[in-house]
Amino acid sequence: MKFDNRVTRMTGAELPIVQAPMGWIARSQLASAVCNAGGLGIIETSSGELDVIRDEILRMRELTDRPFGVNIAQAFVRDPDIAQFIIDQGVRFVTTSAGSPERYTELLKSAGLTVFHVVPNLKAAIKAVEYGVDGLIVEGGEGGGFKNPQDVASMVLLPLVRSKVDVPIIAAGGFVDGSSMAAAFALGAEGVQLGTRMVSAMESPVHDNWKQAIVNAQETDTVFLNRFQSPGLRALRTERTSALEKQPDVNAMAEFGKPQDLYFGGDMESAIPLTGQVCGRIDEVRPVADILGEICAEFEETLYRLETSYPR
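The model shown is predicted, which means the values in this text are computed figures rather than measured ones. Think of each chain on its own: its residues are numbered from 1, step by step along the sequence as written. With pLDDT at 70 or above as the cut-off, local features in this predicted model cover only qualifying residues; side-chain atom pairs require 80 or more to be listed or tallied, and sums for whole chains, interfaces and linings still use all residues. Excluding hydrogens and water, the side-chain figures rest on all heavy atoms present in the structure.

Asks: How do you make sense of the nonpolar core when you look at a structure like this?
Replies: Side chains that are nonpolar tend, in soluble globular proteins, to be buried together. Nonpolar core, defined: a set of buried Ala, Val, Leu, Ile, Met, Phe, Trp, Tyr and Cys residues in which side-chain atoms within 4.5 Å join the residues together. Relative accessibility thresholds used throughout: buried, under 20% of the residue-type maximum; exposed, over 50%; partly exposed, between the two (1.4 Å probe, protein chains only). Counting residues in hydrophobic clusters, the biggest one holds 83 residues, and the most contacted among them are Ile17, Ile86, Leu108, Leu136, Met198, Trp210 and Ile272. Elements are defined by DSSP. Helices are runs of H or I of four residues or more, strands are runs of E of two residues or more, and each kind is numbered from the N terminus. Tallying contributions element by element places helix H13 (residues 288-309) first for this core, with six residues. If near-sequence neighbours (up to four positions away) are discounted, isoleucine 17 is found in contact with Gly39, Leu40, Met181, Val192, Leu194, Leu292, Ile295 and Cys296. One finds Val7, Ala13, Val18 and Ile170 within the second-largest nonpolar core, a separate group that totals eleven residues. Should any heavy atoms of two residues lie within 4.5 Å, those residues are counted as being in contact.

See below:
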């Protein structure tokens, strides 16, 4: 199926499917696989390892000739020169998150970059548009990772934001296949962002223990932490996260642990495994190209089924 909408035109990708910028995970191995399959791979900066990130961007140019992007997670990368650093790498598409859109939008856009900002609620969406972002990533509370403690489900948030703004929207949180992508489009999105589905992909660099934990998880096997702290976190249920769930006065970020021991060492109790509720809908580890191909086929089938079931 050929896509042609504001998201594909702005990103240069064939498909309006974006890979989420997970710290340490969203690097060239995974991002290039997404780009080569027609989607938009995003390189993370939330790890703070900017020298490594520079090498990862260079590596991307060896692994793919397709467009890709970089994320600036403001709360985790406090380098005041991060925007200029990204501009200097020749990147054309940036997502900003975990901070104010006021901080980098003007600088990035003046350098010719396209900027999408991640928002968890309507107030943040309107603010981002007022500061001139090109588009929004509207993130529901179903998704894994760092969250607004006052989470709102995508089914409510997405159509609400669409009713108030006219910029293109990429929907995040709860999207994993063609039918959920079709639902996102019905609610006003022009693209979807996948996190947990990409963590569990064959090309993901994380340890197989985490991938298999996602495959084996039920839809109820995530916890929402830091409901009364900031940032909120959605993670896979483990002994560590279940204990933190019962301690609402403890900031889970202070007890996050050693992420690289989890991500690459496979010790599921060494850190908090950030994972979305869609873990309950993932039943095998598959190559990125197969995942994106199946999503597009199911998306088209869903549209056809709706059209034939409810003809105009």
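Asks: What is the right way to look at a nonpolar patch on the surface in this model?
Replies: Among the surface-exposed residues, Met1, Leu303, Leu306 and Tyr310 lie close enough to one another that they form a single nonpolar patch of about 420 Å² accessible area. With respect to the helices, strands and loops of the structure, leucine 306 is situated in helix H13. Patches were defined on residues exceeding 30% relative accessible area and lacking a salt bridge, with like-charge contacts within 9 Å and nonpolar side-chain contacts (Val, Leu, Ile, Met, Phe, Trp, Tyr) within 5 Å. Shrake-Rupley sampling with a 1.4 Å probe provides the accessible areas, and residues are treated as covered by the protein chains on show and by no other component. By salt bridge we mean one thing: a side-chain nitrogen of Lys or Arg within 4 Å of a carboxyl oxygen of Asp or Glu.

Asks: How should I be thinking about helix H10 (residues 208-216) in this particular structure?
Replies: The α-helix winds at 3.6 residues per turn, so residues separated by three or four positions along the chain end up facing the same way. What H10 keeps buried is the set Trp210, Lys211, Ile214 and Val215. Each buried residue of H10 lies within a common arc of 140° when the element is viewed along its axis, so the set occupies one face. The arc in question is the one traced by the directions running from the helix axis out to the C-beta atoms.

Asks: Honestly, the sheet that holds strand E3 (residues 69-73) in this entry has me stumped. Any pointers?
Replies: In a beta sheet, neighbouring strands are held together by backbone hydrogen bonds and run either parallel or antiparallel to one another. Criterion used throughout: strands pair if DSSP finds at least two bridges between them. Ordered by their spatial adjacency, eight strands build an open sheet running E1-E9-E8-E6-E5-E4-E3-E2, and the pairing between neighbours is parallel. The sheet is open, and its two edges are formed by strand E1 (17-19) and strand E2 (42-43), each paired on a single side. Throughout, an axis means a line fitted to C-alpha atoms (over the contacting stretch in the case of helices), and angles, computed between N-to-C directions, take values from 0 to 180 degrees. Against the sheet, helix H6 (residues 122-130) makes contact with strand E5 (114-119) and strand E6 (135-139), and its axis sits at roughly 160° relative to E5, the strand it touches most.

Asks: Would you take a moment to explain the packing of aromatic side chains for this structure?
Replies: Each aromatic ring pair is specified by the distance between its two centres and by the angle formed by the two planes. For Phe, Tyr and Trp, rings pair up if their centres lie within 6.5 Å, where Trp contributes its six-membered ring, and each pair is then called stacked (planes under 30 degrees apart), edge-to-face (over 60) or tilted (otherwise). Inspection of every chain in the model, using the stated rule, returns eight aromatic pairs. Arranged with centres 6.1 Å apart and planes meeting at 75°, the rings of tryptophan 24 and tyrosine 263 form a pair that is edge-to-face. With a gap of 239 residues between them, tryptophan 24 in the loop between E1 and helix H2 (28-36) and tyrosine 263 in helix H12 (residues 259-263) connect regions that are remote in the sequence. The two residues tryptophan 24 and tyrosine 263 agree in class, both being buried. Plain terms: the ring middles of phenylalanine 185 and phenylalanine 299 are 5.1 Å apart, the flat faces sit at 70° to each other, and that makes the pair edge-to-face. Placement of phenylalanine 185 in helix H8 (residues 178-186) and of phenylalanine 299 in helix H13 is noted, with a sequence separation of 114 residues between them. Through successive ring pairs, a cluster of aromatic residues spans Trp24, Trp210, Tyr263 and Phe264. The positively charged end of arginine 227 is found above the aromatic ring belonging to phenylalanine 224, 4.1 Å away from the centroid. We call a charge positioned over a ring when the NZ of a Lys or the CZ of an Arg lies within 6 Å of the ring centre and within 35 degrees of the ring normal.

Asks: Whenever I open this one, the side chain of serine 32 confuses me. Can you help?
Replies: Tracing the backbone through its elements, the reader meets serine 32 in helix H2. Here serine 32 falls in the buried class, since its relative accessible area comes to 6%. When residues no more than four places from it in sequence are discounted, the contact partners of serine 32 are Met60, Leu63 and Thr64.

Asks: Would you mind going over the pattern of salt bridges with me for this structure?
Replies: Opposite charge on two side chains allows them to pair when their charged atoms are near. For the coordinates displayed, the defined rule picks out 16 salt bridges. Between aspartate 134 and lysine 109 there is a salt bridge, with its nearest N and O atoms 3.3 Å apart. Placement of the pair is aspartate 134 in the loop between H6 and E6 and lysine 109 in helix H5 (residues 105-110), with a sequence separation of 25 residues. A relative accessible area of 18% places aspartate 134 in the buried class. Note that glutamate 139 is salt-bridged to lysine 147, the shortest N-O span being 2.7 Å. Owing to a relative accessible area of 7%, lysine 147 belongs among the buried residues under this scheme. Taken together, the salt bridges that share partners define one network made up of Glu284, Arg286, Asp290 and Glu294.

In short, the description is geometric, and any link to function would need to be established separately.
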